Structures are given as structure tokens and as C-alpha cells.
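Chain residues, written in single-letter form:
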Amino acid sequence: MMENIYAKLAQEQLDAYNNQDIEAFLAVYSDDVEILVFPSNELQYKGIELMRERYSNLFKENPNQHAALLSRMTKNNIVIDHEYVTGRANGQEVYAVAMYEVTDGKINKVWFVK
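Points about the overall build of the chain
Turning to step 1, where the next piece is worked out: Along the backbone of the chain there are three helices and six strands.
Turning to step 2, where the next piece is worked out: Helices and strands appear in the chain in the N-to-C order α-α-β-β-α-β-β-β-β.
Turning to step 3, where the next piece is worked out: Its C-alpha atoms give the chain a radius of gyration of 13 Å, within 12% of the compact-globule value 13 Å for 114 residues.
Turning to step 4, where the next piece is worked out: A principal-axis box enclosing the C-alpha atoms of the chain has dimensions of 35 × 30 × 30 Å.
Turning to step 5, where the next piece is worked out: If you take every contact in the chain between residues at least 6 apart in sequence, the share linking residues at least 24 apart comes to 44%.
Turning to step 6, where the next piece is worked out: Counting every atom, the chain has about 6800 Å² of accessible surface; 51% of that belongs to carbon and sulfur.

Let's talk about the sheet that holds strand S4 (residues 78–86)
Turning to step 1, where the next piece is worked out: Taken together, the six strands give an open sheet; going across it, the order is S2-S1-S6-S5-S4-S3, and neighbouring strands pair in mixed fashion. The open sheet has two free edges, formed respectively by strand S2 (43–46) and strand S3 (66–75), since each of these has just one partner strand. Adjacent strand axes in the sheet meet at a mean angle of 20°, parallel and antiparallel pairs treated alike.
Turning to step 2, where the next piece is worked out: Where strand S1 (residues 29–38) and strand S6 (residues 106–113) come together, six bridges link them in parallel fashion. Bridged to Tyr29 within S6 is Ile107.
Turning to step 3, where the next piece is worked out: Sheet strands in contact with helix H1 (residues 5–19) are S1, S3, S4, strand S5 (94–103) and S6, and its direction is about 170° off that of S3.

Re helix H3 (residues 48–61)
Each α-helix winds once per 3.6 residues, and so residues spaced three or four apart point in a common direction.
Turning to step 1, where the next piece is worked out: The end-to-end C-alpha separation of H3 is 20 Å, in line with the 20 Å expected for 14 residues at 1.5 Å each.
Turning to step 2, where the next piece is worked out: Among all positions in H3, only Ile48, Met51, Tyr55 and Phe59 are buried. End-on view of H3: buried residues confined to an arc of 55°, all on one side of the axis. Exposed and facing more than 90 degrees away from the buried side of H3 are Glu53, Lys60 and Glu61.
Turning to step 3, where the next piece is worked out: Residues of H3 that are buried in the fold lie against H1, helix H2 (22–27), S1, S2 and S6.

Reading guide: rules and limits
- Residues numbered from 1 in each chain as written.
- Predicted model: local features only at pLDDT ≥ 70, side-chain atom pairs only at ≥ 80, totals over all residues.
- Heavy atoms only, no water.
- Helix = DSSP H or I, 4+ residues; strand = E, 2+ residues; numbered from the N terminus.
- Rg over C-alpha atoms; globule rule 2.2 N^0.38 Å.
- Contact = heavy atoms within 4.5 Å.
- Areas by Shrake-Rupley, 256 points an atom, 1.4 Å probe, with all protein chains shown as cover.
- Pairing = 2+ DSSP bridges.
- Axes fitted to C-alpha atoms, helices over the stretch in contact; angles between N-to-C directions.
- Expected span 1.5 Å × (residues − 1).
- Buried < 20%, exposed > 50% of the residue type's maximum accessible area, 1.4 Å probe, protein only.
- Arc of directions from axis to C-beta.

Any functional reading would require information beyond the geometric quantities listed.
Laid out in C-alpha cells, this is it:
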């Protein structure tokens, strides 16, 4: 079975996140990526430069942070990941659910379930 291209993009960004490689992390996102809250659809921020700023700070402040993939499902161009995040500077461990929408070979929307 051919690997799902959408799942592959989600995995690439997860691997880069865990390696704290900001360039590899951003490479899979569109320039006008939107980060939203689910289910309210509230826009948190938009654009690759704001994403660069936020994740660069996140990596710097949480050098031991790691997201373990618990499960992943795909439906058409949507990928849903369930992750367990550890190693945060504040000591909190969290379960996170992220949904990625892929358009034209890049992740263009991300929803974090609140």
C-alpha cells in the first residue's frame, strides 16, 4: 500500500518538532497557514512567520519537549493526530489532538482541540 502523502506530511512535521528543527518543521506548512481552535474555529494566528516566531520560542523554552504519537487517522486530505507531550519546562504533560488540512502538498490549516 502506498504511504498516504497527507500522513507523511504530518509525520515530517512531528519528527521535526521532536528534533526541534524549525526549518524542517516549517517546510511542510503553507506560507499562509492558519492555526485554529476546534470546535470554535477561532483563529489563533495566520502565516508562516508568526508560526516561526512561536515555535522557535517554544523550542528554546522547552528543550526536552517530546510529542509521542498515540494514534493517527486520515480521511481524504485531513489528518488527525492524538499525541502525548512530555518534557515541557513547566513540568506539565498533556494529551493533544491536532487536525491538519493539506492543500497543494502543504499543511494549510491546523486545528487544536480544546
